[in-house]
Each structure stands twice: as structure tokens, then as C-alpha cells.
Amino acid sequence: MSLVRSASYGNSKLYSPNGSSESSSFPPQAFTADNRNYMYMTESFCSERYDPAYFINTPLEDYLESQSPDPIECDEDDMRLKLQELERALLDDDNNDDEYSPEMCPPVEWAHRIENELLHDSPKESSSSDSNLSSITSSREIYPKLPRSPKQLLLDCAAAISEGNIEGASLMINELRQTVSIQGDPSQRIAAYMVEGLAARVAASGKCLYKALKCKEPPSLDRLSAMQILFEVCPCFKFGFMAANGAIMESFKGEKKVHIIDFDISQGSQYMTLIQTLASQPGERPHLRLTGVDDPESVQRTVGGLKLVGLRLEALAEALAVPFKFEAIASKTSDVTPAMLNCQAGEAVMVNFAFQLHHMPDESVSTVNERDQLLRMVKSLNPKLVTVVEQDVNTNTSPFLQRFVEAYNYYSAVYESLDATLPRESQDRVNVEKQCLARDIVNIVACEGEERIERYEVAGKWRARMMMAGFSSCPISSSISDAIRKLISQYCDRYKVKEEKGALHFGWEDKSLIVASAWR
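Draft legend 1. How the structure looks around the overall build of the protein. Summing up its helical and strand segments, the protein has 18 helices and eight strands in all. Taking all 520 residues of the protein together, 55% fall into the buried category. Accessible surface, the protein: about 22,200 Å² in total, of which carbon and sulfur atoms supply 49%.

Have a look at this one:
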């Protein structure tokens, strides 16, 4: 039994290791110097607007077609004036900066570049011309003569942005766009999306692009969302859910009434597995009450939202004779209060945080510190168990350049792991990488402050937060870890699982990707 019922979406064999069926005692269940009014970033502008034309012929163009009907407009005279000022600055003989000299950028070629900008030439005409680009990029400081790999170009570009060298970064962005592909190997695909995060940072459009990268079509009864497919086909995510479900199931013992509170229930797939597992257990089944919290702005709302999730779960529970009740709370997580959760005497309260806590801003964003505030509120409920499943990487407090490097290493491992599960030509893989991973990458790379939503932390930091909130560790049992090890061995042997301080770490080779832990 899989976390997501893959039979309802595409070929289920794609989502099973070596085409086998799972069995164990623990049942498992995007952006080219181009057709745009481009200005070097000498001043900031409103991050609420972005020019979709900036992303023409790039991996994520299709997401932007209907997102902003009123593109940014640049007055042609103003554009010409800005370019002339820039030309004088670059060709000024008194300029001590030897990066741009008349020899490197002859006036005739510079005039040709101005013409290209004002006439809105196509991306290939304006950015792939060797004679134009090479005359500007021959600087040893910006472009070494030796060719650089996409990874090195990305790191150099991020370094240039962190140093304020927007001109140099823009040149590298253009070069990267000519060499990467969302259909290529993992290094090309990760570069294709990370370069758009860098481009969005330069254009100050990260917030808008992050919002635009929602699934174009919300999931329905017979079609899984891209996020669910990711959770299904990437074992590290999948087994994170399994570890949480295993810990929850073990806490059912001796209880007649159980109340599970989930602060990001999504489509409820995790609980379809839980109900099926509960139905397979011998003896009297406890009454399960599930409270699902869902942001009213969630994509789920357009297809019935929590009501539809509840109906699906209730139908399954009835068919399996599992006593079950679903209650919905349509609210932002930060607005949830104990009274809204309606915990009752005689029921064991359990709380599940699966890939949700990192969305809560912490002390580095606001003095309110909603992340720790939420944990303290949950502690006040006196829960029997709290499960946490999160990405194991720091994209929260790291400065930009360090954060970029960490994100590159993390997502490179995720992309490589997807190649071991889905064929290179798989449309599911493309959808997952565009709609899930690219969206997170853009937010991590392009945004700062309150606009940066994807704020992951390493396992040690989550552990410290939980303990400061008053929780103590409840180690994942050996029976759960043994069952998961058996299942993960059916996949590529590059997938790894290890136990550390009571938590289970799931990774690709030596890179930990997901950590699952339990607390009380």
C-alpha cells in the first residue's frame, strides 16, 4: 500500500521499486536575454510586479502567460536615455574600471546592442550572437577564457549578485540559459531552474513568480497533484510520511478515542493510508477524530477544499468499518487557537507537522516568531505525540550566497534521486520539478524577509526548537525503522536511511534530505 494511491494516476508501476508490490508488517501507502525591456539594476523597483517577457522561452514561461495581464512598460525615450547614460559610463576613457573598455566593447557593437534592446529582438538574435556577447564577456574578471560548467557558472553568478555585480550576473544568466535544459541530466535540470531563481532575484520578481508557480490545474478526485506525485515517487519524502504514520499507529495502543490534528492536511492522502492500516489491526478499533487545518487560499479550496477531503476520508473509513469523524478548520495556521481545535476529555491528542513548520516565520523574520509560538500552543494541548517531518537543510538563516550553495547541493541530490525513480522522458517528472521543486527554488534563491516562505532548518535546529517548546524526544521504534529499511532496499541502493538521536534521516548517498522525528 502506497502513501498515494498511484493506481488513480498514470502508470502505477512507475511508482513502485523494480515494479514490485510493497509488503511488510507496516503497510506503507521554471525562464533568455530576450524579448524584454531590460535595464541594468542601478535602482530598485517594486517587487510586486514582474515582466513575464523576461521569462520567454524559459522552462517556466507557460506558468506566466495568464498571471500578469499588464506587463511592466518602459518608455522608449527613457529607455534610450538610460542606455546612452550607460554607454557613456562604459566607454568613458576616465573610467578606472578595466572590466569594460572601448577595446572590449567597440562603439559599433554597443550601438548594435542598443538597437537590439529598443527593437525587442528575439532571444536568440539578441543573446546568442557570439560577436556581441563575446565582446562584452571577454573580461577576465567576469568570464574566464576556459569554459565553465553549469554548476560553476551558477556559483559565480550567485557570487556576483551577492557582491552587487548585476551586469556580470546578467551576462552569466544569459549564458546559462543557452546551455541548460529541463530535459537534460540532473545537473542541467537543476541549473535550468536555479538560474531562473537568480534571474528573478535580479529582476526583484521572486514573490510574484513564486505565487505564479502554483499548479495550473488543481488536483481532482482522479488526478493527483504534482506535490503528491513527488511524495510518492521520491522515497525520501514517502518514507518520511511512513515514519510519522508508524509512530502515530504505535501511540494508538490502549486508546479508545484518538484525536489527530494536522496543520497542513492537503488532500489527506497520509490518512487514507493510516485508516487502511488501522483497519488491518486486530482487536477493537479506537474512534478516530481527525481535525484538518487548511489555509483558505490553498489550491485545494478550488476543488472543494477540506469538505472534499473529509468526504473522501469518511467514505474510506465507512467502507473499512473504522469509527471516524472529520472536522475542518479553514484558517491560516498562525490564527489557530486551542479553542478552535476543540480537544475533548478522554481522547488522546496527537499532532502531525508534515512539511509545514518551515512555512512559519521565526525570530529571524519577526519578533512575533510564529514558528515557536505555534509549538508552544501545541504543547499546551498536552498531546500524547507530535510528529515532525521536514527537509534537512538550512535555507532559513543562511546569508544569500551560503544559502544558494546549500540549496544547490540539496536539490541536486533530489534531482538525481528522481532519475532513479522516473524515466528521463516522464511528464510526471517534468511536472514535479516545475510545479514543486522549481517553485521552492525560486523562493529560496530570489526572496528575502517575509517574502521568503520556504525556510527549512537542519535536524539539529528542529530538535532544539522542540526541546525549547517543552517537548522531549520519542525515538522512532526499531520495528518502524526496520520495516522502512526493508522497503527502501527495494529501490536504488543509493537511497539511504539512518537513525540519529531518535530520528530517522532519509537521504541520497551521503546527503540527508528528509528527517522524521516524534515528540511528546
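That covers the picture; the talk isn't over yet.
Draft legend 2. Focus on the pairing of strand E6 (residues 495-500). Sheet topology places E6 next to strand E7 (residues 503-508); six bridges connect them, and they run antiparallel. Following the sheet pairing, valine 497 is matched in E7 by phenylalanine 506. Taken together, E6 and the strand that follows it, E7, pair antiparallel across an intervening segment of two residues, in which lysine 501 is found at a positive phi of about 55°.

Draft legend 3. Representation of the packing of helix H7 (residues 186-202) against helix H16 (residues 427-446) within the structure. As a packed pair, H7 and H16 sit with axes 9 Å apart at the nearest point and diverge in direction by 40°. Here H7 and H16 pass one another in a crossing that is right-handed. Residue-level inspection shows Arg189, Ile190, Tyr193, Met194, Gly197, Leu198, Ala200 and Arg201 of H7 in contact with H16, the latter providing Arg429, Glu433, Lys434, Ala438, Ile441, Val442, Val445 and Ala446. Of the residues assigned to the contact of H7 with H16, the class counts are ten nonpolar, one polar and five charged.

Draft legend 4. Just the nonpolar core, in detail. With 100 residues, the main nonpolar core has Leu198, Ile260, Tyr411 and Phe506 as its most contacted residues. Sequence-distant contacts of isoleucine 260, defined by excluding residues within four places in its chain, comprise Ile248, Phe252, Tyr271, Leu274, Leu288, Arg289, Leu290, Thr291 and Met350. Grouped together as the second largest cluster of nonpolar side chains are 23 residues, Val349, Val351, Met377 and Trp462 included.

Draft legend 5. Representation of helix H9 (residues 226-233) within the structure. H9 sits mainly inside the fold: seven of its eight residues count as buried. Lining the buried residues of H9 we find helix H10 (235-251), helix H11 (269-279), helix H15 (400-419) and H16.

Draft legend 6. Structural view of helix H14 (residues 370-379). Residues Arg371, Asp372, Leu374, Leu375, Met377 and Val378 constitute the buried set of H14. The inward-facing, buried residues of H14 abut helix H13 (338-341), strand E4 (348-354), strand E5 (385-391) and helix H17 (459-468).

Draft legend 7. Representation of the environment of lysine 496. Structurally, lysine 496 is set in strand E6. Note on lysine 496: relative accessible area 40%, which makes it partly exposed. As a C-alpha pair, lysine 496 and aspartate 510 span 14 residues in sequence and 7.7 Å in three-dimensional space.

Draft legend 8. Representation of the sheet that holds strand E2 (residues 287-294). One open sheet accounts for eight strands, arranged E3-E2-E1-E4-E5-E8-E7-E6; its pairing is mixed. Either end of the sheet is taken by a strand with one partner, and the two such strands are strand E3 (324-330) and E6. Neighbour-to-neighbour, the strand axes of this sheet turn through a mean angle of 15°, independent of strand direction. Inspection of the sheet shows strand E1 (residues 257-262) paired to E4 by five bridges, in the parallel sense. Bridging from a neighbouring strand, aspartate 262 pairs with asparagine 352 of E4. Strand contacts of H10: E1, E4, E5, E6, E7 and strand E8 (511-519), with the helix running at about 175° to E5, the strand carrying the most contacts.

Draft legend 9. Quick look at the packing of H14 against H17. Direction vectors running N to C along H14 and H17 enclose 50°, while the axes themselves pass 9 Å from each other. Between H14 and H17, the angle is such that the two are oblique. For the pair H14 and H17, the crossing hand works out as right-handed. Of the residues in H17, those touching H14 at Arg371, Asp372 and Leu375 are Trp462, Arg465 and Met466. Residues of the contact of H14 with H17, tallied by class, amount to three nonpolar, no polar and three charged.

Draft legend 10. Structural detail: the packing of aromatic side chains. Evaluation of the coordinates by the stated rule reveals eleven aromatic pairs. Relative to phenylalanine 506, the ring of phenylalanine 239 has its centre 6.4 Å away and its plane inclined at 35°; by these criteria the two rings are tilted. Taken together, the residues span a long stretch of sequence, with phenylalanine 239 in helix H10 and phenylalanine 506 in strand E7 at a distance of 267 residues. Phenylalanine 506 shares its class with phenylalanine 239; the two are buried. An angle of 80° between the planes, with centres 5.2 Å apart, marks the rings of tyrosine 410 and tyrosine 411 as edge-to-face. Clustering of aromatic rings is evident, with ring pairs tying together Phe239, Tyr491, Tyr495, Phe506 and Trp508.

Draft legend 11. Examining unusual backbone geometry more closely. Not every positive phi belongs to a glycine, and phenylalanine 355 is a case in point at roughly 55°. Its location among the elements puts phenylalanine 355 in the loop between E4 and H14. The class of phenylalanine 355 is buried, set by a relative accessible area of 6%. Look at lysine 501: it is not a glycine, yet its phi comes out positive at around 55°. Along the chain, lysine 501 falls in the loop between E6 and E7. Judged by relative accessible area, lysine 501 falls into the exposed class, the value being 61%.

What counts as what
- Residues numbered from 1 in each chain as written.
- Predicted model: local features only at pLDDT ≥ 70, side-chain atom pairs only at ≥ 80, totals over all residues.
- Heavy atoms only, no water.
- Helix = DSSP H or I, 4+ residues; strand = E, 2+ residues; numbered from the N terminus.
- Buried < 20%, exposed > 50% of the residue type's maximum accessible area, 1.4 Å probe, protein only.
- Areas by Shrake-Rupley, 256 points an atom, 1.4 Å probe, with all protein chains shown as cover.
- Pairing = 2+ DSSP bridges.
- Axes fitted to C-alpha atoms, helices over the stretch in contact; angles between N-to-C directions.
- Left-handed = near helix turned anticlockwise from the far one by under 90°.
- Contact = heavy atoms within 4.5 Å.
- Nonpolar A, V, L, I, M, F, W, Y, C, P; charged D, E, K, R; others polar.
- Core = buried A, V, L, I, M, F, W, Y, C linked by side-chain atoms within 4.5 Å.
- Parallel < 35°, antiparallel > 145°, perpendicular 65-115°, else oblique.
- Phe/Tyr/Trp six-rings, centres within 6.5 Å; stacked < 30°, edge-to-face > 60°.

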